[in-house]
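Structure at a glance
Okay, here's what each chain looks like letter by letter:
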Amino acid sequence: MTGAGEDWLRDGLGVDGMDSGLWVSGVDYMQGWREARGVADRLNRAFLGVGFELSELRAVASTNEEGRGVVRVSGWPGAVNRLAGLLEALADGDGGAR
């Protein structure tokens, strides 16, 4: 992730320093990745179920430097815009989910 406007994506996720490429000895990265992969697979099935192609929008499993699972959503701007529209349609008038 780059760009000053994208720092909000990292808030609370503990993914700072992800691009450093450092692996800490003794950290079980696989456990976090397996958990994230299961959730990413579920989200990808949901994307497919509402008409997205995984070539335009997909969830990707990863871990942070502490071995915690992280799921990122990556997509073309048009597909992400469609996703935002779907989520907005589910939100109630106060901005919360129904």
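Figured I'd write up the structure that's included with this text. (Residues numbered from 1 in each chain as written. Predicted model: local features only at pLDDT ≥ 70, side-chain atom pairs only at ≥ 80, totals over all residues. Heavy atoms only, no water.)

Structural notes on the overall build of the protein chain
Selection criterion: Only DSSP runs of H or I with at least four residues qualify as helices, and only runs of E with at least two residues qualify as strands; both kinds are numbered from the N terminus onward. Throughout this description, buried means an accessible area under 20% of the type-specific maximum (1.4 Å probe, protein chains only), exposed means over 50%, and partly exposed covers the range between. What makes two residues a contact is simply this: any of their non-hydrogen atoms within 4.5 Å. For the accessible areas, the method is Shrake-Rupley and the probe is 1.4 Å, while residue cover comes only from the protein chains on display.
Scanning the protein chain from N- to C-terminus turns up 2 helices and 2 strands. Tracing the protein chain from N to C terminus, the helices and strands come up as α-β-β-α. Put simply, the protein chain has 98 residues, and 19% of those count as buried. Considering only residue pairs separated by 6 or more positions, the protein chain has 52% of its internal contacts joining residues 24 or more positions apart. When the accessible surface of the protein chain is summed, it comes to about 7100 Å², and 55% of that surface belongs to carbon and sulfur atoms.

Some points on the side chain of serine 62
Worth spelling out the cut-off: N or O atoms within 3.5 Å of each other form a polar contact, as long as, within protein, one can give a hydrogen and the other can take it, and as long as residues adjacent in sequence are counted only when both atoms are side-chain atoms.
Relative to the assigned elements, serine 62 resides in strand β1 (residues 57–63). For serine 62, a relative accessible area of 19% gives the class buried. Side-chain polar atoms of serine 62 contact the side chain of arginine 72, separated by 3.3 Å.

Examining the packing of aromatic side chains
So the rule is basically this: Here a Phe, Tyr or Trp ring, Trp counted by its six-membered ring, pairs with any other such ring whose centre lies within 6.5 Å, and the pair is stacked when the planes are under 30 degrees apart, edge-to-face when over 60, and tilted otherwise.
Counted under the stated rule, the structure contains 1 aromatic pair. Ring centres 5.9 Å apart and planes at 70° place the aromatic pair phenylalanine 47 and phenylalanine 52 in the edge-to-face group. Of the two residues, phenylalanine 47 and phenylalanine 52, neither departs from the other in class, the shared state being buried.

Notes on the pairing of β1
Quick reminder of the rule: One bridge is not enough; two strands pair if DSSP finds at least two bridges between them.
Across the 7 residues of β1, 5 count as buried, placing the element largely inside the fold. Relative to strand β2 (residues 69–75), β1 runs antiparallel, the two sharing 7 bridges. In the sheet register, valine 60 faces β2, and the bridge partner there is arginine 72. Here β1 folds back onto β2 in antiparallel fashion, the turn holding 5 residues, of which glycine 67 has a positive phi close to 90°.

Here we look at helix α1 (residues 29–49)
Counted only if it meets this: Expected helix span is taken as 1.5 Å per residue step, with the number of steps being one fewer than the number of residues. Think of the arc as the fan of directions from the helix axis to the C-beta atoms.
With 21 residues, α1 extends 30 Å from end C-alpha to end C-alpha; this agrees with the ideal 30 Å at 1.5 Å per step. Listed as buried for α1 are Tyr29, Gly32, Ala36, Ala40, Asn44 and Phe47. Looking straight down α1, one finds its buried side chains confined to an arc of 100°; they lie on one side. Those residues of α1 that are exposed and aimed more than 90 degrees away from the buried face are Gln31, Glu35, Arg42, Arg45 and Gly49. For α1, the secondary structure elements touched by its buried residues are β1, β2 and α2 (77–90). Sitting at the head of α1, aspartate 28 places a side-chain oxygen 3.3 Å from the backbone nitrogen of methionine 30. Directly after α1, the chain includes glycine 51, whose backbone phi takes a positive value near 100°.

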